[in-house]
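Chain by chain, the residues run as shown.
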Number of protein chains: 2
Amino acid sequence: MNDVDIESLKGIAAQLRIHSIAATTAAGSGHPTSCCSAADLVATLFFGHMRYDPKNPHYYNNDRFILSKGHAAPLLYAAWAETGLFPAEELLKLRQFHSDLEGHPTPRLPFVDVATGSLGQGLSVGVGMALCARLDKLDYRTYVLLGDGECAEGSVWEAASLAGTNQLSNLVAVVDINRLGQSQPTAFGHNLDVYRDRFEAFGWRTEEIDGHDIEEILEVLGAVGLGNQPLVILAKTLKGAGISFIQDKEAWHGKPLSKEEADRAIAELRPMAKSGAGHPIPAPTQLPAPKNEAPTSYPPPPYKLGDQVATREAFGNALVRIGEADTRIVAMDGDTKNSTYSEKFFKKFPERFTECFIAEQNMVGVAVGFATRGKVPFASTFACFLTRAYDQIRVAGISRANLKLAGSHVGVSIGEDGPSQMGLEDLAMMRAIAGSVVLYPSDAVCAEKLVDQMALHQGIAFLRTSRPKTPVIYNLEEQFPIGGAKILRQAEGDKATVVAAGVTLYEALKAADTLKNEGIGITVVDAYSIKPLGTEIIRAAAQKTSNVVVTVEDHYPEGGLGDAVAGELSVEGVRVHKLAIFEHPRSGKPAELMAQYGIDAAAIVSKVKSLV
Amino acid sequence: MNDVDIESLKGIAAQLRIHSIAATTAAGSGHPTSCCSAADLVATLFFGHMRYDPKNPHYYNNDRFILSKGHAAPLLYAAWAETGLFPAEELLKLRQFHSDLEGHPTPRLPFVDVATGSLGQGLSVGVGMALCARLDKLDYRTYVLLGDGECAEGSVWEAASLAGTNQLSNLVAVVDINRLGQSQPTAFGHNLDVYRDRFEAFGWRTEEIDGHDIEEILEVLGAVGLGNQPLVILAKTLKGAGISFIQDKEAWHGKPLSKEEADRAIAELRPMAKSGAGHPIPAPTQLPAPKNEAPTSYPPPPYKLGDQVATREAFGNALVRIGEADTRIVAMDGDTKNSTYSEKFFKKFPERFTECFIAEQNMVGVAVGFATRGKVPFASTFACFLTRAYDQIRVAGISRANLKLAGSHVGVSIGEDGPSQMGLEDLAMMRAIAGSVVLYPSDAVCAEKLVDQMALHQGIAFLRTSRPKTPVIYNLEEQFPIGGAKILRQAEGDKATVVAAGVTLYEALKAADTLKNEGIGITVVDAYSIKPLGTEIIRAAAQKTSNVVVTVEDHYPEGGLGDAVAGELSVEGVRVHKLAIFEHPRSGKPAELMAQYGIDAAAIVSKVKSLV
């Protein structure tokens, strides 16, 4: 670090402040003071320390930088402009509709790996990246810039714990401790020792510094990678630092300066400012690129008709099968791997599996981190516990992350464990993620082939798996495209179309048999693809049954299969009668519960009879 | 504690183990080993330490006990049976459909305040109870029994931090450190010091003990309440303790003993066992009861037609207004109080407000804790950040908690901050909570009156508020019952019914004006009650427009207003055309975004014209 010019870095820091102030004032909104507190840290990281190719932000062995405190976006944009990646004039288009320089960072920008702005998520993603670097035998490091306020988020401590136990010395957290939150001072103000004690208790090496002293910043960065612990740099800063009349004052969160204030602030900073372009940025080392090529297909699964296999177990089998053919596949679980069957993958490929313990938010963040590095991560737990990570999944949607989720133990059909363990809102939750794919297999063949589809699809995909064993009903040749549906029973004169998925499909088939004996024909559709829905197939089937449709789902009535079918097809005149879990469920035997809440064969028979 | 008979407690602990083993073996499922590790702790707490009326579990000054590790439910049930609350024979009905002794505890049982079973949530609820005891000037204490595995959940550390900063010396956490998780050993095994360091860093007093040594347990419990810190008792235990051939062994999580194994285990324990009924349990102190009476109504809000008021600001005003009339009202926020306007309540009633900082999971848990003590908690943050607490909200649904949530800054109409700050899945998420009420006001009068309804309603209710100012369109006399809807425009010959809410209602009204000028009449419905939906009103309106309905919502298309209307009314032949946010949105001006994503007046006009 001896060749780094301290004065240049100070000049760049001042320039980053000027950009941040000018851009937010031009936009009329934004967080200039949150940029200013971190300007010296970012200037030093970007122009005095991190190793990357500034012309190729995606280069596989670049150091990674995650702006966990995403509201400081203008600072990040300014830094990249100063590397020369794009003209600094662009910065004044901040937050405009036609600019990718959004209010908070999104991967629309080539130098942003993940969307940030929902606080406390960046460190988990960083843990995923650091684990991936280790897997890929690359020496890039991952730097995560956090605010002090977001350290109140439990997800930060989930990530910190996993980083500590995994001894991720290639991970560096920098906490910008400017002591002021949005609506009041943080709980701990400038008491850096609180943060030190916490990170140390979670297995980190800590350094406390003055976050505006570039020499001090450089010095601690010089020791990055030493030892076998992750490093956190606790930087005491002032919110609005560098703006004499604003710094360290309350009521300046998320507020641009007026034109006059901005002029005054910039006039103060201008004499110190120096543009960063041309400053030597250390190059990343040359190491072999990881093999992240997607295959075009996978070998087929091994079942035969009638085999009794739970779809959750088929998921585990599928992970192993595709994991052998595709080195991109990695997996993680939240201490439920013996229930979700991701354990099969763990046993086969322990180095590609991350046990995240009971910390689902971090598990999803870790998965997203792997996804940004070209892997295809499958994160699994009980479906109901994915609700724990809904914000992470939401933001992964904004990131268009290549994230695969598998949620097991859905619905009342889990039985005795009771409602706290039943996934009954997961379809609603996952459908409402931008760009998501939601899949719900009924048998092992379908489950395995959907896992193939998930791995080959780019984007977020969710697999809903069931606890009970169900018979294999599909031949191995059957294809299950995303957005499809299967018609299992259909005859001339059918009176209703029953749309089911998962365990209720078997109930629908039983109901069809019963009704047939009574002279009533029904069409049975397997809606294995809940989003996108097999709309055309269902519509065509419905039209042949006078638009009478019954949906049956082991899910609450809101936002699931019934709403999906009605939401897509009411415009066509389709009438959707929903069978779902309309009450607070309780413990009991699976069959008792399915009967009680009206989603079993008898309930279907009864509903169909009431309609014909 | 000198008068406590150690031998009796040992006897009760053995009895609790016998009950737990017998009940799970009878049920054929459950977690006997997780019961056995905590049996000495629970026996000592229930029969040697806690102050409560065993005949009246709801008594307002009873010490509270939360089984955060809910899978040890049989142990909890056994303890209450041993107090004499119900016959011990009932325990053998564990997990049966007609028994309230469910797989995990729910408040169907009088001695359970909140459902547990999704790990890591109990401590937050305990923090809420402890804060409420302080507010109510009661001296009951709150005890939370956690497993070691669940300490990986970030929510535990959110709760720990708030307990520490609030110096909740009336709160006691007991961690049953049995070192074995579900699928493998925990990260820290029997290294109690890791837990000690963490809790100390979070502001707690810590005690490390042998969790099977009743004298040691009693000794540390004897010092509960000393000092000004919350206390955590870190208890080293063995999973399955007391069953010689199982204790401390892996692969015994969530697995009942066979009949033979159970007989053998019980034979080992029987000689020590002693029934607890009749053992003297310390009585709670007599203190004045808190005033938690619900009023029948509230004074009216103060607006006049045309006032420009954001519904989020009306929410803040309403909190103050009803807070003056109703001492049950308490509020909490996640460092967004100047944006959600809960700050108004904070300024007026600081002692009834809890700043939870940026930790939404804990905020919801704290709110639930207050609710269990007879308060009416309103927890607020940006709607998108409530996704962070979806699991807590889900479990609050199972608890039938009297929880009120307000989510601000919904939809693309927030503008420049971009997608990470936009609530676009909150309707889907909140509709899919068992028993929830989902409300979405368009103007200040409606918002305030819905807050009244929420406070008077028993159960979970969610208020969706908007960032932009909107004009007051309702008179103060207008009533807004839950489950209602308002028809704002309707005339003979209308061609379509447009169902809108929030900001889109104003777009619908503008569209109605535009279309009227072109000779096309439309009915405009304000669907302020999304769940329960004003189904009959919408149905009647739709029928008069040939069942042509257009829904317009600032939300993703899945699980929101459009799906709700279609899901309820497709059976009536209603055809629902959805306008919603069908793409990944971006930053921009609110009007630009509403136009781009097709939910503004022009989009409504265009859609209606395409249909007539």
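For the structure, check the block above.
This is a predicted model, so every value here is computed, not measured.

Another point: the overall build of chain A. A count of helical and extended segments in chain A gives 21 helices and 19 strands. In summary, chain A has a C-alpha radius of gyration of 27 Å against a globular reference of 25 Å for 612 residues, a match within 12%. In terms of overall dimensions, chain A has C-alpha extents of about 90 × 50 × 40 Å along its principal axes. Relative to its 612 residues, chain A shows a buried fraction of 69%. A fraction of 79% describes how many contacts in chain A between residues 6 or more apart in sequence connect residues 24 or more apart. Accessible area of chain A: about 18300 Å², with a carbon and sulfur share of 50%. Each charge class in chain A was averaged separately, 59 positive and 72 negative side chains, and the resulting centres sit 4 Å apart.

Facing the 102 residues of chain A at the interface are 102 residues of chain B. Interface area for chain A against chain B, summed over the two sides, is near 8400 Å², with a carbon-plus-sulfur share of 51%. Looking at the side of chain A facing chain B, the largest losses of area belong to Phe97(A), Arg388(A) and His584(A), adding up to 10% of the total buried there. For the pair chain A and chain B, the number of links is twelve salt bridges. Between Arg431(A) and Asp563(B) there is a salt bridge, with the nearest N and O atoms lying 3.0 Å from each other. Summed over the shared surface of chain A and chain B, the result is 65 residue pairs in polar contact (both at pLDDT 80 or more).

Moving on, we come to the environment of Ala496(A). Residues and elements named next belong to chain A. Its location among the elements puts Ala496 in strand β15 (residues 496-500). Between the alpha carbons of Ala496 and Ser339 there is a distance of 37 Å; along the sequence they are 157 residues apart. When sequence neighbours within four positions are dropped, the list of residues in contact with Ala496 reads Gly521, Ile522, Thr523, Thr545, Val548 and Val608.

Residues and elements named next belong to chain B. Overall, mixed pairing links the five strands, which are arranged β14-β16-β15-β18-β19 in an open sheet. The strands lining the two open edges of the sheet, one partner per strand, are β14 (486-489) and β19 (575-579). The sheet shows a mean angle of 25 degrees between the axes of neighbouring strands, taken without regard to direction. Bridge count for strand β15 (residues 496-500) against strand β16 (residues 522-526) is five bridges, and the pairing is parallel. Residue pairing for β16: Val498 is matched across the bridge by Val524. On the sheet, helix α17 (residues 503-517) packs against β14, β15, β16 and β18 (548-552) and is oriented at approximately 165 degrees with respect to β16.

All names here are of chain A. Read from one edge of the open sheet, five strands run β1-β2-β3-β5-β4, paired in parallel fashion. At either end of the open sheet lies a strand with only one pairing partner, and these are β1 (64-67) and β4 (205-210). Averaged over neighbouring strand pairs, the angle between their axes works out to 20 degrees when direction is ignored. Bridge analysis of strand β3 (residues 171-177) against strand β5 (residues 231-236) gives six bridges, and the strand direction is parallel. Among the inter-strand pairings, Ile177 is bridged to a residue of β5, identified as Lys236.

Take the side chain of Ser413(B) next. Looking at the secondary structure, you find Ser413(B) in the loop between β10 (404-408) and α15 (426-431). Among the polar contacts made by the side chain of Ser413(B), one reaches the side chain of Asp554(B) at a distance of 2.8 Å.

How two helices pack is summed up by the angle between their axes together with the distance between the axes. All names here are of chain A. For the pair helix α1 (residues 6-27) and helix α7 (residues 214-222), the least separation of the axes is 10 Å and the interaxial angle reads 110 degrees. Here α1 lies roughly perpendicular to α7, going by the angle between them. Residues Ile6, Leu9, Lys10 and Ala13 of α1 form the contact with α7, whose own contacting residues are Ile214, Glu215 and Leu218. When grouped by side-chain class, the residues that make up the contact of α1 with α7 number five nonpolar, no polar and two charged.

The next point concerns the relation of the copies chain A and chain B. Here chain A sits on chain B after a turn of 180 degrees about the axis and a move of 0.0 Å along it, with an RMSD of 0.0 Å. These values place the two chain copies in the arrangement generated by a two-fold rotation axis. Measuring from the rotation axis to each C-alpha of chain A, the shortest distance belongs to Gly154(A), at 1.8 Å. An overlap of 100% is found between the interface residues of chain A and their copies at the interface of chain B, pointing to a shared contact surface.

With respect to the secondary-structure elements, Thr381(A) resides in strand β9 (residues 376-382). For Thr381(A), the residues in contact, after removing those within four places along its chain, are Asp333(A), Thr336(A), Thr340(A), Glu360(A), Met363(A), Leu386(A), Ala406(A), Gly407(A) and Ser408(A).

A large share of β19(B) lies buried, amounting to four of its five residues. On the question of chirality, the crossover connecting β18(B) to the parallel β19(B) by way of helix α19 (residues 561-569) of chain B is right-handed.

Quick look at the nonpolar core now. Core analysis: the largest hydrophobic core is formed by 300 residues, its most contacted members being Leu123(A), Trp204(A), Phe378(A), Leu123(B), Trp204(B) and Phe378(B). Filtering out sequence-adjacent residues up to four positions away, Trp204(A) remains in contact with Leu123(A), Ala160(A), Ala163(A), Gly164(A), Leu171(A), Ala173(A), Phe199(A), Gln229(A), Pro230(A), Leu231(A) and Val232(A). In terms of nonpolar packing, the next biggest core, distinct from the first, is built from 51 residues, Phe86(B), Leu91(B), Ile217(B) and Val224(B) among them.

A few words on the pattern of salt bridges. Inspection of the entire model under this criterion finds 71 salt bridges over all chains. Here Lys375(A) makes a salt bridge to Asp136(A), at a shortest N to O gap of 2.8 Å. Of this pair, Lys375(A) sits in the loop between α12 (360-372) and β9 while Asp136(A) sits in the loop between α4 (122-135) and β2 (142-147), and the two are 239 residues apart along the sequence. Notably, a salt bridge pairs Glu518(B) with Lys609(B), separated by 2.6 Å at the nearest N-O pair.

Moving on: the packing of aromatic side chains. Per the stated rule, a full pass over the model turns up 40 aromatic pairs over all chains. When the centroid spacing of 5.6 Å and the interplanar angle of 85 degrees are considered together, the rings of Phe202(A) and Trp157(B) count as edge-to-face. Here Trp157(B) lies in helix α5 (residues 154-165) and Phe202(A) lies in the loop between α6 (192-201) and β4, a pairing that spans two chains. For the pair Phe199(B) and Trp204(B), a centre-to-centre distance of 5.4 Å together with 70 degrees between the ring planes defines the contact as edge-to-face. Pair check on accessibility: Phe199(B) and Trp204(B) agree, each one buried. Ring-pair connections join several aromatic residues into one group, and the members of that group are Trp157(A), Phe199(A), Phe202(A), Trp204(A), Trp157(B), Phe199(B), Phe202(B) and Trp204(B). Its guanidinium or amino end placed over the ring of Phe202(B), Arg198(A) lies 3.8 Å from that ring's centre, counting from NZ or CZ. Across from the ring centre of Tyr140(B), 4.7 Å away, lies the NZ or CZ of Arg373(B), which sits over that ring.

Residues and elements named next belong to chain A. Within the secondary structure, Gly203 sits in the loop between α6 and β4. For Gly203, a relative accessible area of 22% corresponds to the partly exposed category. Between the C-alpha atom of Gly203 and that of Arg264, which follows or precedes it by 61 residues, the distance is 45 Å. Apart from residues lying up to four places away in sequence, Gly203 is in contact with Gly164, Gln229 and Pro230.

So, about the packing of α5(B) against helix α12 (residues 360-372) of chain B. All names here are of chain B. Two numbers describe how α5 lies on α12: the axes approach to 8 Å, and their chain directions differ by 65 degrees. Considered as vectors, α5 and α12 are oriented roughly perpendicular to each other. The hand of the α5/α12 crossing is right-handed. Touching Ser155, Glu158, Ala159 and Leu162 of α5 are Glu360, Gln361, Asn362 and Val366, all from α12. By residue class, the composition of the contact of α5 with α12 is three nonpolar, three polar and two charged.

Cut-offs and rules
Residues numbered from 1 in each chain as written. Chains lettered and ligands numbered in written order. Predicted model: local features only at pLDDT ≥ 70, side-chain atom pairs only at ≥ 80, totals over all residues. Heavy atoms only, no water. Helix = DSSP H or I, 4+ residues; strand = E, 2+ residues; numbered from the N terminus. Rg over C-alpha atoms; globule rule 2.2 N^0.38 Å. Buried < 20%, exposed > 50% of the residue type's maximum accessible area, 1.4 Å probe, protein only. Contact = heavy atoms within 4.5 Å. Areas by Shrake-Rupley, 256 points an atom, 1.4 Å probe, with all protein chains shown as cover. Lys, Arg positive; Asp, Glu negative; His and termini not counted. Charge placed at Lys NZ, Arg CZ, Asp CG, Glu CD. Buried area = accessible area lost by both parts, 1.4 Å probe. Salt bridge = Lys/Arg side-chain N within 4 Å of Asp/Glu carboxyl O. Polar contact = N/O pair within 3.5 Å; in protein donor to acceptor, adjacent residues only side chain to side chain. Pairing = 2+ DSSP bridges. Axes fitted to C-alpha atoms, helices over the stretch in contact; angles between N-to-C directions. Parallel < 35°, antiparallel > 145°, perpendicular 65-115°, else oblique. Nonpolar A, V, L, I, M, F, W, Y, C, P; charged D, E, K, R; others polar. Least-squares fit on C-alpha atoms with pLDDT ≥ 70 in both. Right-handed = clockwise from strand over helix to strand, strands pointing away. Core = buried A, V, L, I, M, F, W, Y, C linked by side-chain atoms within 4.5 Å. Phe/Tyr/Trp six-rings, centres within 6.5 Å; stacked < 30°, edge-to-face > 60°. Lys NZ or Arg CZ within 6 Å of the ring centre and 35° of its normal. Left-handed = near helix turned anticlockwise from the far one by under 90°.

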